[in-house]
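Chain by chain, the residues run as shown.
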Amino acid sequence: MTGQPLFSDSGTAPALALVTGASRGIGRAIALELAGQGLHIAVNYKSNQEAAKQTLAQIEERGGRGELCPFDVTDEAAVNSALDGLFARHERIAVLVNNAGVVADGLFAMMPSQDWRRVIDTSLGGFFNVTKPVIRKMIPRKKGSVVTISSVSGLIGNRGQANYAAAKAGLIGATRALAAEVARIGIRVNAVAPGPIETDMIKDVPVDMLKKMIPMGRCGLPEEVARVVRFLCSDDASYLTGQVISVNGGMV
Ligand code: NAP
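So, here is what we can say about the structure in this document.

Taken in spatial order, the 7 strands make up an open sheet running S3-S2-S1-S4-S5-S6-S7, and their pairing is parallel. Looking at strand neighbours, the two that pair on one side only are strand S3 (65-68) and strand S7 (244-247), the edges of this open sheet. When strand polarity is set aside, the average angle formed by the axes of neighbouring strands in this sheet is 20°. Alignment of strand S5 (residues 144-149) against strand S6 (residues 187-194), held across 6 bridges, turns out to be parallel. Of the residues in S6, the one forming a bridge with Ser145 is Arg188. The sheet contacts of helix H2 (residues 49-61) involve strand S2 (40-43) and S3, and relative to S3 the element is tilted by about 170°.

Here you go:
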């Protein structure tokens, strides 16, 4: 796939890719992968500015371009304000990757309502808050690709993750519905459902327990998700929309 055009586009300045939650983990790997295709990366994060700066530094060390773009995806007004500024600087948004997400695991019967809401608000609320202004910018150009990071949990419903499974399954429904709405316009909308990936998110989960659930016997790497996202964004995936691609070592 390397060397293929990510996005055939006639403009002179590099097109923009917004990656939410790009300060760490899977989002950082996606930002680096897309920057390697010549896109200008808006590196979103919530609070970890140092980590976001490291992402940007790694992009620039590899000859890519980008900028920091902090906002909390759960805050619709903050998202709109940040995106107004971003779109004033960059006319053409080619790619949105909805990656920001959090976990707050616990058995459903004991789950505090704030844990339910925080997880849903980040993944599902974040999808609405960010995708709506971006898709409205893509529609007049009749071009664009949206990729959203769901989870194996949204497909099979992991025990102790009712909030997370609900949010991630909801993202799949939203992806399919939006894909159907904008397919004829030329905008593609897909989801990726990773299994356990080596990031901060799973650092407190016993690795041996996880490995037993995975046919390949290991967790995935952020780069293994990022390469699939790159493919989905690229013109190589030109007839692919409304799909959910599992990246999980053979779990489901
Ligand atoms: P991570 O290492 O914990 O990083 C989370 C990222 O999301 C950080 O950049 C964080 O920003 C950002 N973020 C969190 N809340 C935010 C908010 N309200 N607004 C803006 N940014 C916010 O997580 P990860 O493992 O890379 O996960 C990335 C995505 O993949 C998530 O959607 C996750 O659910 C999904 N996923 C992960 C796994 C896994 O095993 N790791 C498996 C399946 C799916 P700060 O640095 O500022 O906090």
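Having seen the model, we can carry on.
Below, the discussion takes up the packing of helix H3 (residues 76-89) against helix H4 (residues 113-141). With their axes 9 Å apart at the nearest point, H3 and H4 run at an angle of 30° to one another. Compared by their axis directions, H3 and H4 come out roughly parallel. The chirality of how H3 crosses H4 is right-handed. Here Glu76, Val79, Asn80, Leu83 and Phe87 of H3 come into contact with H4, specifically with Phe128, Asn129, Val130, Pro133, Val134 and Lys137. Broken down by class, the residue content of the contact of H3 with H4 amounts to 7 nonpolar, 2 polar and 2 charged.

About the cut-offs
Residues numbered from 1 in each chain as written. Predicted model: local features only at pLDDT ≥ 70, side-chain atom pairs only at ≥ 80, totals over all residues. Heavy atoms only, no water. Pairing = 2+ DSSP bridges. Helix = DSSP H or I, 4+ residues; strand = E, 2+ residues; numbered from the N terminus. Axes fitted to C-alpha atoms, helices over the stretch in contact; angles between N-to-C directions. Contact = heavy atoms within 4.5 Å. Parallel < 35°, antiparallel > 145°, perpendicular 65-115°, else oblique. Left-handed = near helix turned anticlockwise from the far one by under 90°. Nonpolar A, V, L, I, M, F, W, Y, C, P; charged D, E, K, R; others polar.

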